[in-house]
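Geometric and topological summary
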Amino acid sequence: MSSAPPLVSLDHITRRFGALVANDDVSLALRPGEIHALLGENGAGKSTLVKILYGLIQPDSGTINLDGVARRIASPQEARDAGIGMVFQHFSLFDNLTVAENIALVLPAKAGLKRLEARILAIAERYGLALDPSRPIWSLSAGERQRVEIVRALIQEPRVLVLDEPTSVLTPQEAETLFATLNRLKAEGKALVYISHKLEEVRGLCDCATILRAGRVVATCDPKAYSAHALAELMMGRDIGAVRPPGGGAGGAVRLRLNRLNLASPDLHGISLKDISLEVHDGEVVGVAGIAGNGQSELFAALSGESSTAPDAIAIDGHNVGDSDINQRRGLDAAFVPEERNGHAAVGAMSLADNLLLSRHALPGLLRHGLIDSAALRARTVEVIASFDVRTSGPDAPARTLSGGNLQKFAVGRELARAPKLLIINQPTWGVDALAAAAIRQAIVDLAAKGAAVLVISQDLDELYEVSDRLCALAHGQLSALHAAAALDRSAIGLLMGGSGHATREVSHVG
Amino acid sequence: MSASALRFRLIARARPSRTLVLLAPVLAVVLALAFGALMILALGKSPLQAFSVYFARPLADPFSLAEIAVKASPLVMIALGLALCYRANLWNIGAEGQFVIGGTLGGGIAVATHGMTHATFWILPAMLMVGALAGALYALIPAVLKVTLGVSEILVSLMLVYVAQLFLDYLVRGPWRDPKGFNFPVTAGFDTAAILPPLWPGGAVHAGVGLTLLLVVIMGVVLASTRFGYAVRITGLAPRAAAFAGFDQRRLTLALFALSGGLAGLAGAVEVSGVINQLQPSISPGYGFAAIIVAFLGRLSPWGILVAGLVLALTYIGGEAAQIAMKLPLDLTTAFQGVLLMCVLAADVLTHYSVTITRPAA
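Residues numbered from 1 in each chain as written. Chains lettered and ligands numbered in written order. Predicted model: local features only at pLDDT ≥ 70, side-chain atom pairs only at ≥ 80, totals over all residues.

Topic: the overall build of chain A
- From N to C terminus, chain A includes 16 helices and 23 strands.
- At 24 Å, chain A has a C-alpha radius of gyration in line with the 24 Å of a compact globule built from 511 residues.
- Taking the principal axes of the C-alpha coordinates as reference, chain A spans close to 70 × 50 × 40 Å.
- Burial statistics for chain A: of 511 residues in total, 47% are counted as buried.
- Across chain A, every contact between residues at least 6 apart in sequence was considered, and the portion connecting residues at least 24 apart equals 68%. (Helix = DSSP H or I, 4+ residues; strand = E, 2+ residues; numbered from the N terminus. Rg over C-alpha atoms; globule rule 2.2 N^0.38 Å. Buried ≥ 20, exposed ≤ 12 C-beta atoms within 10 Å, placed from the backbone. Contact = placed C-beta atoms within 7 Å.)

Here we look at the overall build of chain B
- Of regular secondary structure, chain B possesses 13 helices and two strands.
- Against the compact-globule benchmark of 21 Å for 362 residues, chain B has a radius of gyration of 22 Å, which places it among compact chains.
- Each principal axis of the C-alpha distribution contributes one length, and for chain B these read about 85 × 55 × 40 Å.
- In chain B, buried positions account for 46% of the 362 residues.
- Taking as baseline every contact in chain B between residues at least 6 positions apart, the subset at least 24 positions apart corresponds to 79%.

Overview of the pairing of strand S21 (residues 470-475) of chain A
Residues and elements named next belong to chain A.
- Counting buried residues along S21, six of its six residues qualify, which places the element largely inside the surrounding structure.
- Side chains Arg 470, Cys 472 and Leu 474 project from S21 onto one buried face, and the interleaved Leu 471, Ala 473 and Ala 475 project onto a second face that is buried too.
- Summarising the sheet, strand S13 (residues 285-289) and S21 pair through four bridges and their orientation is parallel. Paired with Val 286 across the strands is Arg 470, a residue of S21.
- For S21 and strand S23 (residues 483-484), the ladder comprises two bridges, and the chain directions are antiparallel. Each residue of the ladder has a partner; that of Arg 470, found in S23, is Ala 484.
- The sheet contact formed by S21 and strand S22 (residues 478-479) spans two bridges and is antiparallel. Bridging across to S22, Ala 475 finds its partner in Gln 478.
- Hairpin remark: S21 followed by S22, antiparallel, with two residues in the connecting loop; positive phi at His 476, about 50°. (Pairing = 2+ DSSP bridges.)

A look at the confidence of the model for chain A
- Per-residue confidence for chain A averages 87 on the pLDDT scale, and 94% of its residues sit at or above 70.
- For the stretch residues 503-511 of chain A, pLDDT sits under 50, and the model shows 16 contacts to residues farther than four places along the chain or on other chains. (pLDDT = per-residue confidence, 0-100.)

What about helix H9 (residues 296-304) of chain A?
Residue and element names in this part refer to chain A.
- Counting buried positions along H9 yields nine of nine residues, so the element is predominantly enclosed.
- Along H9, the positions that sit buried rather than exposed are Gln 296, Ser 297, Glu 298, Leu 299, Phe 300, Ala 301, Ala 302, Leu 303 and Ser 304.
- Looking at the residues trailing H9, positive phi occurs at Gly 305, about 100°.

Looking at the interface of chain B and chain A
- With 15 residues of chain B at the interface, the matching set in chain A holds 24 residues.
- Breaking the side of chain B that touches chain A down by element, the ones donating at least two residues are helix H8 (227-237) and helix H9 (239-244) of chain B.
- In terms of residue class, the side of chain B that touches chain A is made up of nine nonpolar, three polar and three charged. (Nonpolar A, V, L, I, M, F, W, Y, C, P; charged D, E, K, R; others polar.)

A look at the sheet that holds strand S4 (residues 61-66) of chain A
Residue and element names in this part refer to chain A.
- The strand order across the open sheet formed by four strands is S2-S1-S4-S5, and the pairing between neighbours is antiparallel. Taken across any chain shown, the strands that pair with only one partner, and hence form the sheet edges, are strand S2 (20-30) and strand S5 (69-71). Neighbour to neighbour, the strand axes of the sheet diverge by 30° on average, direction disregarded.
- In this structure, strand S1 (residues 8-17) lies alongside S4, joined through five bridges in antiparallel fashion. Looking across to S4, one finds that Asp 11 is bridged to Thr 63. (Axes fitted to C-alpha atoms, helices over the stretch in contact; angles between N-to-C directions.)

Some points on the nonpolar core
- In this structure, Ile78(B) and Val294(B) are the most contacted members of the largest nonpolar core, which totals 257 residues.
- The leading source of residues in this core is helix H3 (residues 62-87) of chain B, at 15 residues.
- In this structure, this core is formed jointly by two domains, domain 1 (8-236) and domain 2 (254-342 + 405-410 + 420-497) of chain A, each of which donates at least three residues. (Core = buried A, V, L, I, M, F, W, Y, C linked by C-beta atoms within 7 Å. Domains from an automatic or database assignment.)

Section: the packing of helix H4 (residues 95-112) of chain B against helix H5 (residues 123-149) of chain B
Residue and element names in this part refer to chain B.
- With their axes 7 Å apart at the nearest point, H4 and H5 run at an angle of 145° to one another. Between H4 and H5 lies a crossing whose hand is right-handed. Mapping the contact onto sequence places Gly 97, Gln 98, Phe 99, Ile 101, Gly 102, Gly 103, Leu 105, Gly 106, Ile 109 and Ala 110 in H4 and Ile 123, Ala 126, Met 127, Leu 128, Val 130, Gly 131, Ala 132, Ala 134, Gly 135, Tyr 138 and Ala 139 in H5.
- When the residues that make up the contact of H4 with H5 are grouped by side-chain class, the tally is 14 nonpolar, seven polar and no charged. (Left-handed = near helix turned anticlockwise from the far one by under 90°.)

What to know about the packing of helix H2 (residues 47-60) of chain B against helix H12 (residues 302-326) of chain B
All names here are of chain B.
- In contact at an axis separation of 8 Å, H2 and H12 are set at 130° when each is read in the N-to-C sense. Between H2 and H12, the interaxial angle falls into the category oblique. Here the hand of the crossing between H2 and H12 comes out right-handed. Judged by residue contacts, Gln 49, Ala 50, Val 53, Tyr 54, Phe 55, Arg 57 and Pro 58 of H2 engage Leu 314, Ile 317, Gly 318, Gly 319, Ala 321, Ala 322, Ala 325 and Met 326 from H12.
- Residue composition of the contact of H2 with H12, by class: eleven nonpolar, three polar and one charged. (Parallel < 35°, antiparallel > 145°, perpendicular 65-115°, else oblique.)

Some details on the domain arrangement of chain A
Residue and element names in this part refer to chain A.
- You can read the domains of chain A as domain 1 (8-236) and domain 2 (254-342 + 405-410 + 420-497).
- Between the C-alpha centres of domain 1 and domain 2 the distance comes to 32 Å.
- In this complex, domain 1 contributes eleven residues to the contact, which on the side of domain 2 involves twelve residues.
- In the side of domain 1 that touches domain 2, the residues fall into six nonpolar, three polar and two charged.

Notes on the pairing of S2(A)
Residues and elements named next belong to chain A.
- In terms of strand pairing, S1 meets S2 through seven bridges, oriented antiparallel. Bridging from a neighbouring strand, Ile 13 pairs with Val 26 of S2.
- Connecting S1 to the antiparallel partner S2 that follows it, the hairpin turn spans two residues, and Gly 18 within it adopts a positive phi of roughly 60°.

Some thoughts on unusual backbone geometry
All names here are of chain B.
- Notably, Asn 89 is not glycine yet its phi reads approximately 60°, a positive angle.
- Structurally, Asn 89 can be placed in the loop between H3 and H4.
- Residue Asn 89 is classed as exposed on the basis of its 11 C-beta neighbours within 10 Å.
- A positive phi angle, close to 55°, is found at Arg 299, a residue other than glycine.
- For Arg 299, a count of 19 C-beta atoms within 10 Å gives the class partly exposed.

Observations regarding the sheet that holds strand S11 (residues 254-263) of chain A
All names here are of chain A.
- The strand order across the open sheet formed by four strands is S12-S11-S14-S15, and the pairing between neighbours is antiparallel. Across the chains shown, the open sheet's two edge strands, defined by having one partner strand only, are strand S12 (273-281) and strand S15 (319-320).
- Across three bridges, S11 lies against strand S14 (residues 314-316) in antiparallel orientation. Along S14, the bridge assignment pairs Arg 257 with Ala 315.

A few points about the confidence of the model for chain B
- When pLDDT is averaged along chain B, the result is 90, and 96% of the positions lie at 70 or above.
- Ranking the elements of chain B by mean pLDDT puts strand S1 (residues 7-12) of chain B last with 74 and H5(B) first with 97.

A closer look at the environment of Asp333(A)
Residue and element names in this part refer to chain A.
- Take Asp 333: it is sitting in the loop between helix H10 (326-331) and strand S16 (334-337).
- Exposure remark for Asp 333: the 17 C-beta atoms within 10 Å place this residue in the partly exposed category.
- Measuring from C-alpha to C-alpha, the distance between Asp 333 and Leu 423 comes to 8.7 Å, with 90 residues separating the pair along the chain.
- In this view, Asp 333 contacts Pro 420, Lys 421 and Leu 422; residues no more than four positions away in its chain are not counted.

Let's talk about H2(B)
All names here are of chain B.
- Relative to the 20 Å expected for 14 residues at 1.5 Å per residue, H2 spans 19 Å between its end C-alpha atoms, a close match to the ideal helical length.
- In H2, a bend of some 35° at Val 53 exceeds every other bend along the element.
- Those residues of H2 that fall on the buried side of the exposure criterion are Ala 50, Val 53, Tyr 54 and Pro 58. (Expected span 1.5 Å × (residues − 1). Bend = angle between axes of the 7 residues up to and from the residue.)

Following this line, the structure appears as structure tokens:
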């Protein structure tokens, strides 16, 4: 931690949303030449804090000081004028415009497009961000899109740059490139805010860390001086046990077989699945790695039956089901957990009991004489709530009143309570707090240990290594070969995630 | 960002309070009455006197009460079907046409059997069944176009209303006109065998009112406790979740249009058999459109629709009385119904969202 006077400091910031105190007396000092990590669980108040810094939200009390002078930041424009740049987690780019056009949108109208392209190239070269200003956004990979966002922030010459979960969409190789850029910015004396929950990353990159829990600062420390486990404990306020490792099965019979699965995308810039073949055996967890937008949702839809394929492209327990609907597949003891909880796995406005029926109504047990047996439904719901420790007021609580982690536990628990022989799960712990994530991963491993076949589609490599026996990667709609997880290191899976080995598209600008 | 005006933003309430949900329709009615009072004032009449003629007197008079039940019956029957569609985000606007076609073809049985004296027991059931079937098939036209070609069901169902009305108009002026009718564009009056009996011997309301009540109960059970009702509820709230549950959107669309069209057609057959007793160029004072208001006023729930149907029927009866007693135009009733719908929709939005006003920084 350097002792230079801070460029920007947030002092005693408090912000309430109704009864919730999102930021409670939070202070943060950003010094030049320092990468400052902001750590915390989902809902700890990180986003609120940086939105206050960027002028999107006004604090109820507390001050923002620029070079020691108190200043009100009323809008993102004022933040940019004050030298504060922001790179959001979710890209805000127009797909059909070029890189230069997207960047021009945030600049005053008079900057000519030709001159702008030269400036973009200059900045891109200075910071090692390979970019072609004339390419349309839709043709870019996630890593390239992020570079556009970073260049767009840098072209306004900020002194402070905020990055929100920047590596969540990157392969390990792309992340390394990003770190080199960030270190260059740091060497120039800029102050960086780095929001992440990937603790190893933070320990390698950041000089200082502020840890938030439930809206309060619980520690400000040098992250290199702590172990990742110790940082996690600070974030959570309690110890989280490690997931018991998978058994290393793959001895069982073939439960799920994909045989040259093809699925054309109905969207113009969508991803088509190409010739996917795969076998998942009883008793093993197969992990499918890949950056979002490489065909994960399409693969899940084909497996669940929400999209229809050639009948023999998918076989469950030897039955061709490519053109069967989701309930016919459930009838073969298959269970599905989609990525999106709200509106896909669950209906927010409906009670948990009604949500239990979502994946169970076609199976025996919950209907009597054609009428929903509400007593049985409530009883089954209470069982799921109890066995998965779902924090809720009861089976009548609307699904939307649950936190993300609790709703995900419910969505997973609903399927596992049926003791399925095959589980297909997409992004099992996306946006879920660490305790719930650990519980869900443990449940996945335990299910396989009981003899079920599990296919996990995930962007989170840590998660995949925790639960998988075998791993492969999905890139541009194509699946790589399967490898034993223990024999595949991170850089190898990173290359597969980038699409190498398919030769359909160059891996863009790694290194 | 450059706009300097105040900005209104609707922010979803996490959990709308239960009292507010129950109170909202009541508040909407009160607000609509206030607007109605202003309209009556603008016409130079006393609102208090008008309200007494409109609402108080019909409720105190047994004959008017029976009239209200008879008027509410088709509104409720149609609205039950519409509510199913609307819950699933399907916009059947053409119930008026389905009502007319059901009444026309159901009534056609009565025209065809006119003068029959033996074995007439089947005529009434046949009229009701043909009416329901005609309405269902008629509603399937927009539904099939929607699921096969992606045509807007709103436009098609609405335009088919006029087709149905003109079809009836042609029949009663042409082939089905009563030869002994002094050239009036009406069919012969129905035989007794084609007329719905009273609900109880000597009663003032016909048996169709009982049928409506039965349908309210059935719909309540279907919606709350069957897989079909469950599919309807999820489809409207979260279409992707409905797909995850394995409900086929296209099949559901066809089923719901057929059902709502069938109920509207049945209501049409009941109306010609129980109330009008013949076919004439117009057999509906706009029941199919007013039922849209009834469906929303009743919060798309069967019991709510029953209450809302009675309220709207009251405005019809009261409107007629006010026209006679106070020379208030009948259009006032239509205007009032429109105001009522606006108030209900506004109350609905405000129950689920709170309004915040933001003033952009100077």
